[in-house]
Amino acid sequence: MKHRQLGKTNFEVSEIGFGCMSLELQKGQQYVNSLIRKSYDGGINFFDTADLYDKGLNEEMVGTALSPVRDNVFISTKVGNVWREDGSGWDWDPTKEHILNGVNESLRRLQTDHIDLYMLHGGTIDDPIDEAIEAFESLKKQGKIKAYGISSIRPNTIREWTDRSNMDVVMMQYSLLDRRPEEEVLDLLAENDISVITRGTIAKGMLIDKAGQNYLRYSAEQVEKMKEAVNETGSPIKASVDYVLQHSAVASAILGIRTESQLNEILDSQQESVSDAKLEQLAGVLEPNIYEKHR
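Rules used throughout
- Residues numbered from 1 in each chain as written.
- Predicted model: local features only at pLDDT ≥ 70, side-chain atom pairs only at ≥ 80, totals over all residues.
- Heavy atoms only, no water.
- Helix = DSSP H or I, 4+ residues; strand = E, 2+ residues; numbered from the N terminus.
- Buried < 20%, exposed > 50% of the residue type's maximum accessible area, 1.4 Å probe, protein only.
- Lys, Arg positive; Asp, Glu negative; His and termini not counted.
- Salt bridge = Lys/Arg side-chain N within 4 Å of Asp/Glu carboxyl O.
- Contact = heavy atoms within 4.5 Å.
- Pairing = 2+ DSSP bridges.
- Right-handed = clockwise from strand over helix to strand, strands pointing away.
- Axes fitted to C-alpha atoms, helices over the stretch in contact; angles between N-to-C directions.
- Parallel < 35°, antiparallel > 145°, perpendicular 65-115°, else oblique.
- Left-handed = near helix turned anticlockwise from the far one by under 90°.
- Nonpolar A, V, L, I, M, F, W, Y, C, P; charged D, E, K, R; others polar.
- Phe/Tyr/Trp six-rings, centres within 6.5 Å; stacked < 30°, edge-to-face > 60°.
- Lys NZ or Arg CZ within 6 Å of the ring centre and 35° of its normal.

So what exactly am I meant to see when it comes to the side chain of Asp-168 here?
Secondary-structure assignment places Asp-168 in the loop between helix H5 (155-164) and strand S10 (169-173). No salt bridge is formed by the buried Asp-168, whose closest oppositely charged neighbour, Lys-140, lies at an N-O distance of 4.2 Å. Once you skip the residues sitting within four places of it in the chain, Asp-168 turns out to touch Gly-7, Lys-8, Thr-9, Lys-140, Ala-147, Tyr-148, Ile-194 and Ser-195.

Can you help me understand the pairing of strand S9 (residues 145-151) in this one?
In regular strands, side chains alternate between the two faces of the sheet. By the criterion of burial, S9 is predominantly enclosed, with six of the seven residues buried. The sheet contact formed by strand S8 (residues 115-120) and S9 spans five bridges and is parallel. Directly across from Ile-115, in S9, lies its bridge partner Ile-145. Of the crossover connections in this fold, the one passing from S8 over helix H4 (residues 129-142) to the parallel S9 is right-handed. In this view, the connection linking S9 to its parallel neighbour S10 by way of H5 has right-handed handedness.

Even after reading the chapter, I still don't get the environment of Ser-275, so can you show me in this structure?
Take Ser-275: it is sitting in the loop between helix H9 (260-269) and helix H10 (276-283). Sequence separation between Ser-275 and Asp-242 is 33 residues; the distance between their C-alpha atoms is 9.4 Å.

Sorry if this is basic, but what is going on with the packing of H4 against H5 here?
Across the interface, H4 lies against H5 with an axial gap of 11 Å and an inter-helix angle of 55°. Here H4 lies oblique to H5, going by the angle between them. In this structure, H4 meets H5 at a crossing whose hand is right-handed. Note on element contacts: H5 touches H4 through Glu-160, Trp-161 and Arg-164, opposite Ile-129, Asp-130, Ala-132, Ile-133 and Phe-136. Residue classes in the contact of H4 with H5 are distributed as five nonpolar, no polar and three charged.

How should I be thinking about the packing of aromatic side chains in this particular structure?
Centre distance and the angle of the planes are the two values used to describe a pair of aromatic rings. Evaluation of the coordinates by the stated rule reveals eight aromatic pairs. Arranged with centres 5.0 Å apart and planes meeting at 70°, the rings of Phe-11 and Phe-74 form a pair that is edge-to-face. On the criterion of sequence distance, the pair formed by Phe-11 in the loop between strand S1 (3-5) and strand S2 (12-14) and Phe-74 in strand S5 (residues 74-79) is long-range, its members being 63 residues apart. Between Tyr-174 and Tyr-243, the ring centres sit 6.3 Å apart and the planes meet at 55°, which makes this aromatic pair tilted. Taken together, the positions of Tyr-174 in the loop between S10 and helix H6 (185-191) and Tyr-243 in helix H8 (residues 236-245) put the pair 69 residues apart, joining distant regions of the chain. Neither Tyr-174 nor Tyr-243 differs from the other in exposure class; each is buried. Taken together, the aromatic side chains of Tyr-118, Phe-136, Tyr-148 and Trp-161 make up a single cluster linked through ring pairs. Over the ring of Trp-83 we find Lys-55, and its NZ or CZ is 4.8 Å from the ring centre.

Dropping the structure here:
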C-alpha cells in the first residue's frame, strides 16, 4: 500500500483509508477488531470515523480495535452534529463551545490522548467560521489534535476556510460519477497545500457492481455506461481509486468496508495496475458535472 503526505503535516497516510461508518457494529467487538486489524496488516494506516456514527459507539469500538496499534495508525474523526435526546435525528452546532467540548468525548471514546485529524462534519457559509477556526487552533496548541479541516462539498465554504484558516484537509465527495471538485476546488486546495480526502469514490458501489440508478444529474443509463467502462479496465476498484488519486491534491480515498471479502478485494486491487491511457478514456465517457449550488 502506497502512502502520501497529508497537507502541510509530516503525516503519511495510506492511499486507501478505512471508512469506519460502514462497520456493522451489531456483529460485535471481535468482528470490528478482526476486520480493522486485517486492514492494518494489509497496509492501511488511516481510519476515519465520527462522533455522529452510531451515536458515538462507532468511535468506542474503533478505538478499542486500534488501541494495540495506536502509535502506528492515523485516526480522523468529526464534530458538529448533535444527536437529539429523543434520538429522532441530529442538529448542526459548529460553535467553538461545542467543538471544544466534543473533542473530549471523542478522545475518551477513542481511548487516545490525541486525535490525528479533527474535522468539522459539514459546514456552510453562514457558520461562525472564525469561531470554529479558533477552536481548532486552540486544540492544536493543547496537543489534543494534530491537524484539522472540514468535510464539505460547498465551494463557497471551502474558499472561506482556505482564506481564513490554516486547515490541513478537506474531505469531499469525488468520483468518476461526481467530478464537481475538478472545476475549481481541487486546484485551489493544491495551491494552498491542503490535502483532499475523498469519499463516495466508488459511488455507492455503482462503479463496481451495484445496479445503476439516477445519480446527481446522470441517468441510470449513463451510470451503467460508466460502470461498464470502469469494469472494462479489468480492475474497477483500482480504476476508481486511481482516477481520484491522479490529482496532486488528493492524499487518500476513504472506502467503506463491511466484510472481510470486501477488504480482500480492495487489498488485492492494489496489486493491479490501470494505465494512464485507460484513466484518460474513463474521463471521456461522460460529460463532467459541475456544482449548481453553494458556488
